[in-house]
Every structure is written in structure tokens, then in C-alpha cells.
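Descriptive analysis of the structure
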Amino acid sequence: MREILLPLPGRDQSYRICLSPGLRLRLGQILAPLKLPPRLFVVSDRRVARLHGGPVLQALVRDGYAPDLLTVSPGERAKTWAVVQRLARELLARGAHRGSTLLALGGGVVGDLTGFLASIFMRGIAFIQVPTTLLAMVDAAIGGKTAINLPQGKNLLGTFHQPRLVAVDPQFLHTLPAVERLNGLAEVLKAGFIRDPDLLPRLASGRFRLFRDEGELTEIIHRAAAIKAEIVAADEREGDRRRILNFGHTLGHGLEQASNFRLPHGRAVAWGMAGALDLSVQLAGLPPAEARWGGRLLEDFGLLRPLPPLDPEAVLGALARDKKRREEGVVFILLRHLGEPVIQEEVPVSRLAPLVSRLLAGKPSK
Ligand SMILES: NC(=O)c1ccc[n+]([C@@H]2O[C@H](COP(=O)([O-])OP(=O)(O)OC[C@H]3O[C@@H](n4cnc5c(N)ncnc54)[C@H](O)[C@@H]3O)[C@@H](O)[C@H]2O)c1
């Protein structure tokens, strides 16, 4: 089993990210050192619960736990205040108390929602992350950010609440749909772009067998998760260090928003990274050959399929919502070299307009 240790902010302690194929069936054993009460409140979405809930709960029972399952609808619509309240009431009805533990079994939605609930229920209780999507394994489950959405926008209510343990089992990914795999792959590629350029050729050469080669998949998840862990450990709250995680996300969010969130996150971020590579050549001295190689990699993974028709003004508007930001420019994470990010303050919107038009025309670089 592989382990990554993450410090608990403000305390002289750490928590573990444990990673191993088949771990979902040995969860009880890795939870043992935490000495949790046997009653565990497992929160999952109905799709994940149907596919994986049975074996996970049975394994917990075999190891002496008494799991109790609470479910929500699959997808982003579960991240609401109404769902938080409903879950809190259910927890109380089933006898949860200050010493209880929640276990998030699902993708980033379930992780964010359960973490948020755990952070406020009885002023904060313990929770465990068991991510079941690639995106959650390498990104959402690590770092202790929790959130729910408001009608005005995504992730507008949130807290920082670290899990007691993150248990990653790559075998969950056997059932993950292709589009969700791409969403996670975009984040894996991002980790390579900002921190581990050796990961990129490895991904390139193994891309056809990645999801069939358990050893390789485990190694790739381990490296990408370790990068996220290292960055958030250095900077638990949103500071300079953590900002490099936004590589590709500034433009990506603009594209997602302009598409009314119909464009899958992975493709939006991939186009955002292609745009950021192009901008890096212009503004940060990234050698054009490195940018071309990075762009080809994104294409080879099938992440740069043409975008749906989008209004360039809507994309630019999402990047610089108000007049002040339009004049002062937008903060971008760029690369000096693959693996060497720089924070570029104030990229003028006038500079972004031609780039956005090019991306929308399906051209990742000049
Ligand atoms: N907290 C953070 O730091 C952080 C970071 C990035 C993203 N996020 C959040 O994560 C969310 C996105 O996460 P996501 O992409 O995992 O989405 P998700 O949780 O909605 O999962 C995507 C879909 O895959 C299904 N699914 C999950 N695991 C499966 C499996 N093993 N087999 C088959 N189907 C499975 C789910 O039912 C869902 O329909 C967003 O809400 C985003 O805001 C949080």
C-alpha cells in the first residue's frame, strides 16, 4: 500500500492518504488506528451506492463496524443547503452525535457535500474521504476544501475541514464513464504541467492502456495526488502556492460558464490549459516546442475535441466580470517551462480576446 502524509494545519499531527487496489474491501483495517466508534455514517450518491455500496458496507461489517447509509442524487444538484439540512436531520434521527464519523463514498460532489456537513454538524465532526472518481482521487478529496452551491453560483458556501483519512482504491474506476475519466485525466495532466514534467511522457506512452494497467494507474494516481498534497500542505489556505493549481482553470471556467456548464469540466480545463500554454509562449518565455508538445498531449488524450459554439464575449465576461477587472487584467498561471509555473498578474483582457477567438475556432495555438 502507498501512503502520502499530510500535515493537519495548526496541529502537530498528520493524516494519511492511503492508496491500493482493492482497498475498498479492507477499509476497516486501515481505519483501525483512528479508533473510531463502530457506527459509521456513509454518505454516497445513489449511482455509486448501487454500484459499490454493497461490497464496501459488507466489508466494513466484517471488520466490526456498523455502517449506516445515507444517499443523495448523483451530480452537482446534490450540493445544496436543502440537501445539507435533510442529511443533518436524518443523522439526528438515526442517533448521530458529536463523536460520530461521516464517510464520503463518491466523487467530488459527495466529498464536498459530506465534508461541508461534517464541518458544521454539532460544530464539526470527523469525516473520511473514499473518492470514487479519478478527479476526486487526485484533486477534490485532498486539501480539506468543502463546499455547496447557491443559486448565484458554484461553491459559494464552504469551509476548510480536513478528513481524518483519504482511502483511494483505483478499482472503483472500472465502472467510471468515459467522460468522467477525461475529467480526472485533465487534472492529472495539470499536475504534470505544473509540477512533474516527467509524468507527461509517461502518460503519453501509456495512454492506451492506462485504465487497463492497474499498476500504472495506481502509480499515476499516486504521483498526481502527491502533487496536490504537497501544494496544499505548503499552503493550506488560498495563498500564492495553491494558486498554481488554477493552471488552465481560469480560461476553463470561462468556457464552462459560457456553455452554461454543458461543456464537461475536463474538456473545458484542457482547452484552458491549451490557451495557457499559448499565452505562456507570449508572456512567460515558454519555448514554443514545449508548448506544441503539451498541446499535442492534450489532443492525444481526446481532450481537445472542438468546442460547441460559444459567444466569445460571454467567455471574456466570465473572466473579467466587472469593468475594473477588465481594465486591470486577469491573473493567469503560466509556465516558464513544463513543470515551472509562474503567476502572471494582470494579463490584459485585450490580449485574451484573440486567444479566446482562436480557441473557439478550434485552434489551440497560433
Ligand atoms: N474540494 C475541492 O478541492 C474540489 C476540487 C475539485 C473539484 N471539486 C468539486 O468536485 C465536484 C466534481 O467531482 P466529480 O467530477 O468527481 O463529480 P461527481 O461527484 O458528480 O461524479 C461524477 C459522476 O460520476 C458518478 N460516479 C462516481 N464514481 C463512480 C464510479 N466509480 N463508477 C461510476 N460512476 C461513478 C457519480 O454518480 C456522478 O454521476 C464539483 O462539485 C467540484 O466543485 C472540489
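Residues numbered from 1 in each chain as written. Predicted model: local features only at pLDDT ≥ 70, side-chain atom pairs only at ≥ 80, totals over all residues. Heavy atoms only, no water.

1. Looking at the packing of helix α11 (residues 265–283) against helix α12 (residues 288–300)
- Where α11 contacts α12, the axes come no closer than 9 Å and their chain directions differ by 170 degrees. On the basis of their axis angle, the class for α11 and α12 is roughly antiparallel. Contacts from A270, M273, A274, L277 and V281 of α11 reach α12 at P288, A291, G294, G295 and L298.
- Classifying every residue of the contact of α11 with α12 gives eight nonpolar, two polar and no charged. (Axes fitted to C-alpha atoms, helices over the stretch in contact; angles between N-to-C directions. Helix = DSSP H or I, 4+ residues; strand = E, 2+ residues; numbered from the N terminus. Parallel < 35°, antiparallel > 145°, perpendicular 65-115°, else oblique. Contact = heavy atoms within 4.5 Å. Nonpolar A, V, L, I, M, F, W, Y, C, P; charged D, E, K, R; others polar.)

2. As for the site of the ligand
- Neighbouring residues of the ligand: 26 residues in total, closest R47, G108, T132, T133 and T175.
- At 2.8 Å, a side-chain N or O of D45 approaches an oxygen atom of the ligand.
- Side-chain polar atom of T132 to a nitrogen atom of the ligand: 2.8 Å apart, as the coordinates give it.
- Elements represented by at least two residues in the shell around the ligand include exactly α2 (46–62), α4 (108–120) and α5 (134–140).
- It is α2 that provides the largest number of residues to the shell around the ligand, a total of four residues.
- Of the residues contributing to the shell around the ligand, the split by class is nine nonpolar, eight polar and nine charged. (Near = heavy atom within 4 Å. Polar contact = N/O pair within 3.5 Å; in protein donor to acceptor, adjacent residues only side chain to side chain.)

3. Quick look at empty space enclosed by the protein
- As enumerated under the stated definition, the model contains two cavities of 30 Å³ or more in all.
- Within this model, the largest cavity holds a volume of roughly 70 Å³.
- Secondary structure elements with two or more residues in the lining of the largest cavity: α5, α6 (178–195) and α8 (214–234).
- By residue class, the composition of the lining of the largest cavity is five nonpolar, no polar and four charged.
- Of the pockets and cavities examined, the second largest cavity occupies roughly 30 Å³.
- In terms of lining residues, the second largest cavity is bounded by G111, G115, F127, Q129, A140, A141, G144, K145, T146, H161 and P163.
- In terms of residue class, the lining of the second largest cavity is made up of four nonpolar, six polar and one charged. (1 Å grid on protein atoms, 1.4 Å probe; cavity = no way out; pocket = protein on both sides within 12 Å on 5 of 7 lines; lining within 4 Å. Points joined across faces, edges and corners; volume = space filled by probe spheres on them.)

4. A word on the pairing of strand β3 (residues 39–45)
- The buried fraction of β3 is high, at six of seven residues.
- As paired strands, β3 and strand β4 (residues 66–72) are joined by seven bridges and run parallel to one another. From the neighbouring strand, L40 faces β4, where its bridge partner is P67.
- Crossover connection from β3 via α2 to parallel β4: handedness right-handed.
- By the bridge criterion, five bridges tie β3 to strand β5 (residues 101–106) in an arrangement that is parallel. Of the residues in β5, the one forming a bridge with V42 is L103. (Buried < 20%, exposed > 50% of the residue type's maximum accessible area, 1.4 Å probe, protein only. Pairing = 2+ DSSP bridges. Right-handed = clockwise from strand over helix to strand, strands pointing away.)

5. Digging into the pairing of strand β2 (residues 14–19)
- Of all six residues that make up β2, five are buried, and the element is covered over most of its length.
- Across six bridges, the pairing between strand β1 (residues 2–7) and β2 is antiparallel. When the sheet's bridge partners are listed, I4 is paired in β2 with I17.
- The hairpin formed by β1 and β2 contains six residues between the paired strands, and G10 there has a positive phi angle of roughly 75 degrees.
- Where β2 meets strand β9 (residues 165–168), four bridges bridge the pair, whose relative direction is parallel. Bridging from a neighbouring strand, C18 pairs with A167 of β9.

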